[in-house]
Amino acid sequence: EIIKGPGSVVYGGNAELAVIKIETRAPKAINGSRAYAAYGQGESARARGYAGYSFGKELKGTEISAKVFWEEAQRSDRRYTALSGGSYNMNRGSDLGPKSLNLYAARDGASTRLLIDDYSLRYRDGVNSPVLSTGSARVDFRSIFYEAKYSWDVSDSVRLEPRLNYAGAKPWQEDNEDFPYRKETSRLTASLYSFYKPANSFDGMLGGEYYTDKVEIDPGTGASSAAGSGPRRTYDNAAFFGQASFDAGPVNLATGARYESNSHYGSALVPRLAATRVYENFNFKVIYSQAFRAPSIENIRLNPDIDPERTTSSEFEAGYKASENFFLSANIFHVHI
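Moving on to the nonpolar core. Core analysis: the biggest nonpolar cluster contains 15 residues, and Met205 and Phe292 have the highest contact counts within it. Going through the elements one at a time, helix 1 (8-11), strand 14 (202-217), strand 15 (232-247), strand 17 (266-279) and helix 3 (297-302) are the ones with two or more residues in this core. With 3 residues, the single largest contributor to this core is strand 14. When near neighbours in sequence (up to four residues on either side) are disregarded, phenylalanine 292 contacts Ser8, Gly12, Gly13, Glu16, Arg258, Glu260, Ala268, Val270, Glu309 and Arg310. Judged by nonpolar contacts, the second largest core, of 5 residues, contains Tyr123, Leu132, Ala137 and Val139.

Written out as structure tokens, the structure reads:
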């Protein structure tokens, strides 16, 4: 699902212009085991082969699922020739190797998920040299994600949801004559969400979040990509946010705000206000919101004085349903970054 427009009020500094929401199949939807495999042949060598397996079941009130994927492929089995004239055979020199594991379990409002993603590739066309003289270079992208959360219905109208998340990555692990690069990052996040819905005409959400980012740089990493002070750095971030929607008579209103403070780049405050309504076959919405994009660890290390990007968005949309098969709408928006 693609949620258009700034979403920083709820999702923070990674939702400056939109939010992409991905949901995997629930154990009940799998309800058993599924396996698949494929093979592809190139002109003179194997082009790709992959296989996957998924399992999902509800067992005595406990939902469990497991999904695994493995692939080995290569971009070509032909000969590559650079503009300089240097060339090499791409067979066994242009490998692609994605692998992933997804484990999930839930019972009585508590759930936990583990995701492991391991992607690697191989190449020989260099950055500074047209063709690497030392042979093919391997690049690894390895990530691990873990989440534990509990959904507690305090009453018929109040629900609390504490969450604990961990994300660790070794992005772009590479060691060759052009670009030695080895860094390790991690983020540990603790958050609490509260949801309140006393009636159909009102619902609200309040929350708080705290996370710590850490980066460690291997001594072998090239000086050009190790900018900043020291091989280890830590950044802390705290946020408070809330939003509410209610029937205000002639229109439905939704309003919210987020305040975030980072140990390095300071604070950001972003509001959001929306009005929507449907009158028989006519509908409209008016939205004003602000958002921000938080600098990544690499942004901060390359430019310690960097500030968050700040975005202001205004939008008006109107639509008319002329018949069951004909709908007309117009949208005007302005986004300033």
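Time to look at the pairing of strand 4 (residues 46-59). Pairing of strand 3 (residues 32-41) with strand 4 involves 10 bridges; the strand directions are antiparallel. Looking at the pairing, alanine 38 lines up with tyrosine 50 of strand 4. Once strand 3 ends, the chain turns through 4 residues before running back antiparallel as strand 4. Across 12 bridges, strand 4 lies against strand 5 (residues 62-74) in antiparallel orientation. Residue glycine 56 lies in a different strand from strand 5, and its bridge partner there is serine 65. Counted between consecutive antiparallel strands, the loop separating strand 4 from strand 5 contains 2 residues, among which lysine 60 sits at a positive phi close to 50°.

Turning to the layout of surface pockets, a few remarks are in order. It is the rolling of a water-molecule-sized probe over the atoms that shows where space remains empty. Here the second largest pocket is characterised by a volume of approximately 300 Å³. As for the second largest pocket, its lining consists of 16 residues, of which Arg46, Glu72, Ala73, Gln74 and Asp95 are closest to the centre. Per-element accounting of the lining of the second largest pocket gives the leading share, 4 residues, to strand 8 (residues 95-107). Its residues placed into classes, the lining of the second largest pocket shows 5 nonpolar, 4 polar and 7 charged.

A separate point is unusual backbone geometry. Of note in the backbone geometry, asparagine 31 takes a positive phi value of approximately 50° without being a glycine. In the Ramachandran plot, arginine 92 falls in the positive-phi region, its phi being about 65° despite a non-glycine side chain. Mapped onto the fold, arginine 92 is located in the loop between strand 7 (87-89) and strand 8. Overall, arginine 92 belongs to the exposed group, its relative accessible area being 70%.

About the criteria used
- Every chain is numbered on its own, with residues counted from 1 as its sequence reads.
- The predicted origin of the model limits local features to residues at a pLDDT of at least 70 and limits the giving and counting of side-chain atom pairs to 80 or more, whereas totals for whole chains, interfaces and linings rest on all residues.
- Each side-chain value is derived from all of the structure's non-hydrogen atoms; neither hydrogens nor water enter the calculation.
- By nonpolar core we mean a set of buried residues, namely Ala, Val, Leu, Ile, Met, Phe, Trp, Tyr and Cys, connected to one another through side-chain atoms within 4.5 Å.
- Think of it in three bands: residues with accessible area under 20% of the maximum for their type are buried, residues over 50% are exposed, and the middle band is partly exposed, with areas taken using a 1.4 Å probe on protein chains only.
- Going along the chain from the N terminus, every DSSP run of H or I of four or more residues is numbered as a helix, and every run of E of two or more is numbered as a strand.
- Note on definitions: a residue-residue contact is assigned when non-hydrogen atoms from the two residues lie within 4.5 Å.
- Strands are treated as partners if at least two bridges between them are detected by DSSP.
- Each cavity reported here is a set of points on a 1 Å grid over the protein atoms alone in which a 1.4 Å probe fits but cannot get out, each pocket an open set with protein on both sides within 12 Å along at least five of seven lines, and each lining residue one with an atom within 4 Å of a point.
- Grid points are joined across faces, edges and corners, and a volume is the space filled by probe spheres set on the points.
- Gly is placed with the polar residues, together with every amino acid not listed as nonpolar (Ala, Val, Leu, Ile, Met, Phe, Trp, Tyr, Cys and Pro) or charged (Asp, Glu, Lys and Arg).

Keep in mind these values describe shape, not function.
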